[in-house]
Amino acid sequence: VQLQASGGGLVQAGGSLRLSCAASGRTFSTYVMGWFRQAPGKERESVASINWSGTSTDYTDSAKGRFTISRDHAKNTVYLQMNSLKAEDTALYYCAAAAYRGSISYGNPNLYDYWGQGTQVTVSS
């Protein structure tokens, strides 16, 4: 599976962005997909994840109510809609794919097998 993230940019606080992650590979639909972010000097942290069918999602506390993860199997793409952006959302955002390992939390980056190259999100205050 190869992943290509896009959609980052510079936005004012309170604004919105939609990140996309295009995947190649026939088995995309079987993978759990996640979005992570890493700010300078900080560890990579989970933002959101979604199961293979799109029926189960999980968010970090700071993303709940503001971000929405979704996937489109026909387009082999995962999205992260980000609303009400804050300066603290500034980071390099990565998408990742994890083979299904059961009904567990997929917030641990070590569970993921494939990573995209990252897309920069900068929120000005």
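Please refer to the structure higher up on the page.
Now for a quick tour of the structure. This one's a predicted model, so the numbers in the text were calculated from it and none came from an experiment.

## Structural notes on the overall build of the chain
So, step 1. On a plain count of helices and strands, the chain comes out with zero helices and 11 strands.
So, step 2. Secondary structure elements in the chain, listed N-terminal to C-terminal, are β-β-β-β-β-β-β-β-β-β-β.
So, step 3. Against the globule reference of 14 Å for 125 residues, the chain gives a C-alpha radius of gyration of 13 Å, in line with a compact fold.
So, step 4. Over its C-alpha atoms, taken along the principal directions, the chain stretches across nearly 40 × 25 × 25 Å.
So, step 5. In the chain, which comprises 125 residues, the proportion classed as buried is 42%.
So, step 6. Long-range pairs, those at least 24 residues apart, make up 56% of the contacts in the chain with a sequence separation of at least 6.

## Structural notes on the side chain of Arg 71
So, step 1. With respect to the element layout, Arg 71 can be found in strand β7 (residues 67-72).
So, step 2. No salt bridge is formed by the buried Arg 71; the nearest opposite charge belongs to Asp 72, separated by 8.7 Å.
So, step 3. Within the structure, the side chain of Arg 71 is placed 2.8 Å from the backbone oxygen of Tyr 31, a separation counted as a polar contact.
So, step 4. A distance of 2.8 Å separates the side chain of Arg 71 from the backbone oxygen of Asn 51, its partner in a polar contact.

## Section: the sheet that holds β7
So, step 1. The four strands lie next to each other as β1-β3-β8-β7, forming an open sheet whose pairing is antiparallel. The outermost strands of the open sheet, each flanked by one partner alone, are β1 (2-6) and β7. This sheet shows a mean twist of 15 degrees between the axes of neighbouring strands, independent of strand direction.
So, step 2. Here six bridges tie strand β3 (residues 17-24) to strand β8 (residues 77-82), and the two strands are oriented antiparallel to one another. Looking across to β8, one finds that Leu 19 is bridged to Leu 80.

Conventions adopted
Residues numbered from 1 in each chain as written. Predicted model: local features only at pLDDT ≥ 70, side-chain atom pairs only at ≥ 80, totals over all residues. Heavy atoms only, no water. Helix = DSSP H or I, 4+ residues; strand = E, 2+ residues; numbered from the N terminus. Rg over C-alpha atoms; globule rule 2.2 N^0.38 Å. Buried < 20%, exposed > 50% of the residue type's maximum accessible area, 1.4 Å probe, protein only. Contact = heavy atoms within 4.5 Å. Lys, Arg positive; Asp, Glu negative; His and termini not counted. Salt bridge = Lys/Arg side-chain N within 4 Å of Asp/Glu carboxyl O. Polar contact = N/O pair within 3.5 Å; in protein donor to acceptor, adjacent residues only side chain to side chain. Pairing = 2+ DSSP bridges. Axes fitted to C-alpha atoms, helices over the stretch in contact; angles between N-to-C directions.

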